[in-house]
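Read off the chains here:
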Amino acid sequence: MNDKQNSIFFPDGAAPASAAENTVPETEPARQYYFMEKTRELLEQQGYTGKDALSFHVTTFGCQMNARDSEKLRGILQYVGMTESDSEECDLVLFNTCTVRENANLKVYGRLGELHGYKKKNPKMKIGICGCMMQEKSEVEKVRKSYPFVDIVFGTHNLYRFAELLYRSFAGEKHVVDVEEADPAIVENLPIERKYSFKSGVNVTYGCNNFCSYCIVPYVRGREKSREPKDILREIENLSKDGVKEIMLLGQNVNSYGKTLETPVSFAELLSDVEKIDGIERIRFMTSHPKDLSDDLIDVMAHSKKICRHIHLPLQSGSTKVLSEMNRHYTKEDYLRLCEKIRTAMPDIAITTDIMVGFPGETEEDFLETMDVVQKVQYDSAFTFIYSPREGTPAAGRDDFIPDNVVHDRFDRLLDLIHECSAAQAEKHMGEIQNVLVEEVNSHDPSLVTGHMGNNSLVHFKGSPDLIGQTVPVKLTESHDFYYFGEAVSE
Ligand code: SAH
Ligand code: SF4
Ligand code: F3S
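In this report, we go over the structure that sits alongside the text. (Residues numbered from 1 in each chain as written. Chains lettered and ligands numbered in written order. Predicted model: local features only at pLDDT ≥ 70, side-chain atom pairs only at ≥ 80, totals over all residues. Heavy atoms only, no water.)

Overview of the site of ligand 1
Every one of the 15 residues lining ligand 1 counts as a neighbour, but Gln-252, Pro-314, Gln-316, Asp-354 and Ser-388 are closest to it. Within the contact set of ligand 1, a nitrogen atom lies 2.9 Å away from a backbone nitrogen or oxygen of Gln-252. One nitrogen or oxygen atom from the side chain of Gln-316 is found 2.6 Å from an oxygen atom belonging to ligand 1. Relative to its unbound accessible area of 540 Å², ligand 1 is 90% covered by the protein chains. When residues of the shell around ligand 1 are traced back to their parent elements, those giving at least two are strand S13 (350-357) and strand S14 (381-386). Along the lines of polarity and charge, the residues of the shell around ligand 1 split into seven nonpolar, four polar and four charged. (Near = heavy atom within 4 Å. Polar contact = N/O pair within 3.5 Å; in protein donor to acceptor, adjacent residues only side chain to side chain. Areas by Shrake-Rupley, 256 points an atom, 1.4 Å probe, with all protein chains shown as cover. Helix = DSSP H or I, 4+ residues; strand = E, 2+ residues; numbered from the N terminus. Nonpolar A, V, L, I, M, F, W, Y, C, P; charged D, E, K, R; others polar.)

A short note on the site of ligand 2
Lining the immediate environment of ligand 2, one finds Cys-208, Asn-210, Phe-211, Cys-212, Tyr-214, Cys-215, Val-217, Pro-218, Gln-252, His-289 and Arg-328. Along the lines of polarity and charge, the residues of the shell around ligand 2 split into seven nonpolar, three polar and one charged.

Concerning the sheet that holds strand S11 (residues 282-286)
Here we have three strands laid out as an open sheet, ordered S7-S10-S11, and parallel in their pairing. With partners counted over all chains shown, the strands left at the sheet margins are strand S7 (199-203) and S11, one partner each. Taking the axes of each pair of neighbouring strands and ignoring which way they run, one obtains an average angle of 25° across the sheet. Judged from the five bridges that link them, S7 and strand S10 (residues 246-250) form a sheet pairing that is parallel. Directly across from Ser-200, in S10, lies its bridge partner Ile-247. Each of S7 and S10 touches helix H7 (residues 229-241); the most contacted strand, S7, lies at about 170° to it. (Pairing = 2+ DSSP bridges. Axes fitted to C-alpha atoms, helices over the stretch in contact; angles between N-to-C directions. Contact = heavy atoms within 4.5 Å.)

A short note on the pairing of strand S3 (residues 92-97)
The element S3 is largely enclosed, with a buried count of six among its six residues. On S3, burial covers both faces: Leu-92, Leu-94 and Asn-96 on one face and Val-93, Phe-95 and Thr-97 on the other are all buried. Pairing geometry for strand S1 (residues 55-60) and S3, over five bridges, is parallel. Pairing of Thr-60 across the sheet is with Asn-96, part of S3. Handedness of the β-α-β unit built from S3, helix H3 (residues 102-121) and strand S4 (residues 126-131) comes out right-handed. (Buried < 20%, exposed > 50% of the residue type's maximum accessible area, 1.4 Å probe, protein only. Right-handed = clockwise from strand over helix to strand, strands pointing away.)

Concerning the packing of aromatic side chains
The relation between two aromatic rings is expressed through the spacing of the ring centres and the mutual angle of the planes. Throughout the structure, instances matching the rule amount to 17 aromatic pairs. Centroid distance Tyr-109 to Tyr-147: 5.2 Å. Interplanar angle 20°. Geometry classified as stacked. Of the two residues, Tyr-109 is situated in helix H3 and Tyr-147 in the loop between helix H4 (137-146) and strand S5 (152-154); the sequence distance between them amounts to 38 residues. Between Tyr-483 and Phe-485, the aromatic rings sit 5.8 Å apart at their centres with planes inclined by 90°, giving edge-to-face as the arrangement. Judged by relative accessible area, Tyr-483 falls into the partly exposed class, the value being 29%. Residue classification places Phe-485 among the partly exposed positions, given a relative accessible area of 25%. Following the ring pairs from residue to residue traces out a cluster consisting of Tyr-214, Phe-359, Tyr-387 and Phe-401. (Phe/Tyr/Trp six-rings, centres within 6.5 Å; stacked < 30°, edge-to-face > 60°.)

Some words on the nonpolar core
If you look at the biggest cluster of nonpolar residues, it comprises 70 residues, and the most contacted ones within it are Ile-247, Leu-249 and Phe-285. Beyond its immediate stretch of four places on either side in the chain, Phe-285 contacts Met-248, Leu-249, Val-254, Phe-267, Leu-271, Leu-297, Met-301, Ile-307 and Ile-311. (Core = buried A, V, L, I, M, F, W, Y, C linked by side-chain atoms within 4.5 Å.)

Some thoughts on the sheet that holds strand S2 (residues 83-84)
The strand order across the open sheet formed by six strands is S2-S1-S3-S4-S5-S6, and the pairing between neighbours is parallel. The open sheet has two free edges, formed respectively by S2 and strand S6 (176-178), since each of these has just one partner strand. Packing against the sheet, helix H2 (residues 64-79) makes contact with S1, S2, S3, S4 and S5, and its axis sits at approximately 170° to S1. Where H3 meets the sheet, its contacts fall on S1, S3 and S4, and the angle it forms with S3 comes to roughly 175°.

Next comes the structure, spelled out in C-alpha cells:
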C-alpha cells in the first residue's frame, strides 16, 4: 500500500478481501481489483514508485454524472500507485467526455491537439478518452483515424473495467479500444477519490428511458437502472463516516428511481431513509423530471430537516406543442401547477431549470410561451441552451430548423428575463442569516471563502481557509443576481 491510498474511499467501507488473488477472477469487482494489483506490480517493476511514481490528470466535461465517474477513475489511478497532477502536462491524461451538444465535442477535439504537444515532449505520456462521446461509433472512428496518438478509448458502459484496460496499456498494448454496446452492469465498491472531502455525489440511477426527442443521453448511457437501496444507504453511511456532510443523489430522472427493482421503492421512500443517516446535514438531488415528480416527494421534502430547499426542474420549453414534440409528457399548465404545488408546500424553495431555445419548428408564439412560464415561475436561476442536433435522435431528422439569427435573438431575450428574475429572487433573501457550507478559497480574492446556501445560492465572505468543510452562519449583505456577499456571524 502506498500512502496515497489512505484518502481513497471504498463505498462498502473497504476493498474486497480477495484483492490479492493469483488467477483472473471472473466476477466484479474482484476482477478489477486483480488488475489494479497487477498494474501496481507492473509499475513497481518499471521503477515508477515513490518519488518516481507516474502522474495523472483526469479532465471532466459535462454533467454531475461524469464528475462522479471521474472520481471513480481517479480512485483507480491512485490505487495503482499513480499521483494526481494539477496539470495536463503529466504522464497520463484522461478526457472524460460529454456529447450532449455539438460544442461539447468540439471542445474535446480542440484540447486533444494540445495534449499531442505535451506527448511530443514526454514520449512515455499516455492519453485516454472515455465518457459519453466514446459511446458513439462515429466519434470512436474519428479518434482512431485522426488522433492516432490516443492510447486508451472506452465508453460509459464499461467504465468499471478501466483497471483492466489500464493494465493492458501499461503491459504494452499500443491502442486499447474497448467500447461496449450492451447495457452496462452496475458494479459496486470500486475505489473512489473525491474532489471534496465534505461533499459527494451518489448515483441512484444510471441511464435514461425517456428518449426526449432532442437528447442523446439514452443512447450513450443506456437504459435506466436503479441501484439497490441497501447499496446506496451503505455508501452514504460510509461517506458520513469519511467526513461527508452534503450528498447529491444523482440520476437523469431521480423521480423514477426504484420502479424496476425486484422490490420496488420510490424516490420519496429512499429520501426518507437517507434522512435517517447520522452526520449527513444536507441532501440534494438531480435531476427531477416534471412528469414523475410525486406528491409524496413534495411531502417528504416539506417535512425534512436535511433535504435542501432547492429543486432543479427542467422546463425545456413553455409551449405545450413543442413539449409534445420533445416527448416530455407534460403540458405548460401541468408544469405551472406543479411549481405552484411545490411553492405552496415550501414557500422558501428555490426553483431552477434548464431551457432550450430553437427546437425545430419553434415559432415566435411558442417562444413567448416559454417567456411566459419564466415570468410566472420566477426562477432563481436557469441554464439556457441553444438546440443542437444530435445524430440518431428523432429531432435531428427534421427539416424545419430555426435560422441562427432568430435563435440568437430569442436566446438573448430569454437571458435578459432570467437575469431579471434571478435578481428579484436574490433580493428577497437580503439581510437574512443563512448557513453556508464553505467549499473553497475565492479564486479572485484569497481573503474571501466561497460556499453554497441550502437553496444552492453562492455566497462569498471574509474568512480563512480553515473554514473549508464547515457550515457557517452568514449574513447576506449584497446581492448580485447569481451570488451574494456576506459576513460571517459569530454565534
Ligand atoms: N436528464 C435531465 C437533463 C440532462 S441533459 C433532464 O431530463 O432534465 C441537460 C440539459 O441539456 C437538458 O435539460 C437540456 O436542456 C439540454 N440538452 C439536452 N439535449 C440537448 C440538445 N440536443 N441541444 C441543446 N440542449 C440540450
Ligand atoms: Fe435526456 Fe430527457 Fe433523459 Fe433528460 S430525461 S437525459 S433530457 S432523454
Ligand atoms: Fe453529457 Fe453524458 Fe452528462 S452526454 S450531460 S456527460 S450524461
